[in-house]
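Per-entry structural report
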Amino acid sequence: MTDQTCANAKDFLPALVREELTGEERALVEAHVSSCLSCTDELELIRRLSGAVQKMPAGLASEIKEAVARDRTQKRRTIGWQLLAAATIVLALGTSLIWQRTQTLPETSQLAQESFVMVWADGDALVADTPMLEDLSEEELAVLLEELGG
Amino acid sequence: MMAEDLRTEPPSDEKLVQRAKAGDSCAMDVLADRHHAAVFRTCVAILGEEDLAADASQDCFIKAFRALGRFRGDSAFRTWLLAIAGNEAREQLRKVGRRKERGLENVDTISASGHDPSTEVTLRSEADRVRAAVAELPQKQRLSVRLRIDDGLSFREIGEIIDSSEGSARVNYHHGICRLRELLEP
């Protein structure tokens, strides 16, 4: 506070009343105030305002702490219920999935029980790409016999 | 270690906030002890009524501790908390449907009613008279004056709480002081 002006001295008045200034600051501000009517008036006003602080209701701090503790307990309970609900949903979904899978199994086993012939290709020719004898002409048969005999 | 720290020297708000974030209820209690008066004064400056201000103070701390995980420390914890208090009190004010923000029901107000001021002075205690004069101020001026004088906040901090710039907080404070001078003239 080397540049002692009325304006910046006024900025320090609340801190002066609250006794928060250092020794040097306090001396500078008080020196200015003693020679300034406007600052003297303002300092007096701030002292009056400071003395008229709203009284605290008795037990407010305890009530606040209790309310905070209650809220935290309630929050923990809510989280507990949410976890339980989530676990129930997972269990229900899992059960549903297992049930659906077991419902599809009979169809598979029914398929497995059907005749092999029904599934397998009807005729060696379709399977091994080998012509059946009865389907051959006499000429083709003669060629085949000749090949086999040869 | 925590209990030992609390016995030896008061931990800073920053340390307490860190502990509270980790779920330390003891740290929350210390923060509540340390700041509940400023929170209450902020609420009462907006609401006017002690009971409403006490309720708003409780709600303020509950909301602040719920939101503590999102507090990044860009401003001081006290500033952040008082901003929440201001919002909570204004919300409460809306809930009770008050159109007139400065309605102090339990304290008579000084008004330009034509009554002899000296008669009014004799009927009131000095503190009531000063509080009534403060209640006459618009909300931002009232908050700026109370936060500056009662809690020693800087204009930057007051600006954050009343949702204005630092310069605006300074202007509000000085206008409030000038108006109080007029209202409390002998």
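In this report, the structure presented in the accompanying data block is examined. (Residues numbered from 1 in each chain as written. Chains lettered and ligands numbered in written order. Predicted model: local features only at pLDDT ≥ 70, side-chain atom pairs only at ≥ 80, totals over all residues. Heavy atoms only, no water.)

Some thoughts on the overall build of chain A
What counts, and what does not: Elements are defined by DSSP. Helices are runs of H or I of four residues or more, strands are runs of E of two residues or more, and each kind is numbered from the N terminus. To sort residues, take the accessible area from a 1.4 Å probe on protein chains only and compare it with the maximum for the residue type: under 20% means buried, over 50% means exposed, and anything in between is partly exposed. Contacts are assigned to residue pairs with any non-hydrogen atoms lying within 4.5 Å of each other.
Within chain A, the regular secondary structure consists of 7 helices and 0 strands. For chain A, the succession of helices and strands along the chain, N to C, is α-α-α-α-α-α-α. Expressed as a percentage of its 150 residues, the buried residues of chain A come to 19%. Of the contacts formed within chain A by residues at least 6 apart in sequence, a portion of 46% connects residues at least 24 apart.

Let's talk about the environment of Gln92 of chain B
Residues and elements named next belong to chain B. Rules: Pairs of N or O atoms within 3.5 Å make up the polar contacts considered here, provided that, within protein, one atom can donate a hydrogen while the other can accept it, and that residues adjacent in sequence are counted only when both atoms are side-chain atoms.
Along the polypeptide, Gln92 turns up in helix α5 (residues 77-95). Judged by relative accessible area, which is 9%, Gln92 ranks as buried. Along the primary structure Gln92 and Ala53 are separated by 39 residues, whereas in three dimensions their C-alpha atoms are 8.7 Å apart. Apart from residues lying up to four places away in sequence, Gln92 is in contact with Leu47, Leu52, Asp55, Ala56 and Asp59. Of note is the side chain of Gln92, whose polar atom sits 3.4 Å from the backbone oxygen of Leu52.

Some thoughts on the nonpolar core
Inclusion rule: What is meant by a nonpolar core is a set of buried Ala, Val, Leu, Ile, Met, Phe, Trp, Tyr and Cys residues, joined one to another through side-chain atoms within 4.5 Å. An automatic or database domain assignment supplies the residue ranges for each domain.
Ranked by internal contacts, the top residues of the largest apolar core, which has 75 residues, are Leu49 of chain A together with Leu180 of chain B. Among the elements that take part in this core, helix α3 (residues 25-47) of chain B stands out by supplying 13 residues, more than any other. Structurally, this core is a two-domain feature, drawing no fewer than three residues from each of domain 1 (3-52) and domain 2 (59-100) of chain A. Ignoring anything within four residues of it in the chain, the contact list for Leu49 of chain A reads Val130, Val134, Val145, Arg146, Ile149, Asp150, Ile177 and Leu180 of chain B.

Some thoughts on a nonpolar patch on the surface
All names here are of chain A. Note the cut-off: Put simply, a patch holds well-exposed residues, over 30% relative accessible area, that have no salt bridge, with like charges counted together within 9 Å and Val, Leu, Ile, Met, Phe, Trp or Tyr side chains within 5 Å. Computed by Shrake-Rupley with a 1.4 Å probe, the accessible areas treat only the displayed protein chains as cover when residues are assessed. Salt bridge, as used here: a side-chain nitrogen of Lys or Arg that lies within 4 Å of a carboxyl oxygen of Asp or Glu.
A surface patch of nonpolar side chains, amounting to about 410 Å² of accessible area, comprises Leu133, Leu141, Leu145 and Leu148. Turning to its location among the elements, Leu148 is positioned in helix α7 (residues 138-149). According to the relative accessible area criterion, Leu148 is exposed, its value standing at 66%.

So, the state of the cysteines
Residue and element names in this part refer to chain A. For the record, the criterion: By convention in this document, the label disulfide applies to cysteine sulfur atom pairs within 2.5 Å.
Per the stated rule, a full pass over the model turns up 0 disulfides over all chains. Of the cysteine sulfurs around Cys36, a residue in no disulfide, the closest is that of Cys6, at 3.5 Å. Relative accessible area serves as the criterion here: at 12%, Cys36 is assigned to the buried category.

Notes on helix α2 (residues 23-34) of chain A
All names here are of chain A. What counts here: What a helix should span is 1.5 Å times the count of its residues minus one. What the arc describes is the spread of directions from the helix axis to the C-beta atoms.
Counted at 1.5 Å a residue, the expected span for α2 with its 12 residues is 16 Å, and the 16 Å between its end C-alpha atoms agrees. Three or more residues of α2 are buried, namely Val29, His32 and Val33. The buried residues of α2 all sit within an arc of 100° when viewed along its axis, so they share a single face. Facing away from the buried side of α2 by over 90 degrees, the exposed positions are Gly23, Glu24 and Ser34. Tucked inside the fold, the buried residues of α2 contact α1 (6-17) and α3 (37-51).

Re helix α10 (residues 166-183) of chain B
Here α10 of chain B is 18 residues long and its end C-alpha atoms lie 26 Å apart, about the 26 Å a rise of 1.5 Å per residue gives. Within α10 of chain B the residues assigned to the buried category are Ala169, Asn172, Tyr173, Gly176, Ile177, Leu180 and Leu183 of chain B. The arc that holds every buried residue of α10 of chain B, seen down its axis, measures 135°, which confines them to one face. Taken together, the buried residues of α10 of chain B touch α1 and α3 of chain A together with α7 (126-135), α8 (139-151) and α9 (155-161) of chain B.

A closer look at the packing of aromatic side chains
All names here are of chain B. For the record, the criterion: Ring geometry is summarised as follows: Phe, Tyr and Trp rings, the Trp one being its six-membered ring, pair when their centres sit within 6.5 Å, and such pairs are stacked at plane angles under 30 degrees, edge-to-face over 60 and tilted between the two. Only lysine NZ and arginine CZ atoms are considered, and such an atom sits over a ring when it is within 6 Å of the ring centre and within 35 degrees of the ring normal.
Scanning all chains against the criterion turns up 5 aromatic pairs over all chains. Here the aromatic rings of Phe71 and Phe77 are separated by 6.0 Å at their centres, their planes lie at 75°, and the arrangement is edge-to-face. Overall, the relative accessible area of 8% leaves Phe71 in the buried class. With relative accessibility at 4%, the residue Phe77 sits in the buried group. Relative to Trp80, the ring of Phe71 lies with its centre 4.7 Å away and its plane at 40°, an arrangement referred to as tilted. In this structure, Phe71 and Trp80 share a single accessibility class: buried. Among the aromatic residues, those joined into a cluster by ring pairs are Phe71, Phe77 and Trp80. Across from the ring centre of Phe155, 4.2 Å away, lies the NZ or CZ of Arg148, which sits over that ring. Positioned above the aromatic ring of Tyr173, the side-chain terminus of Arg148 is 6.0 Å from the ring centre.

It is worth stressing that arrangement in space is one thing and function is another; only the former is reported here.
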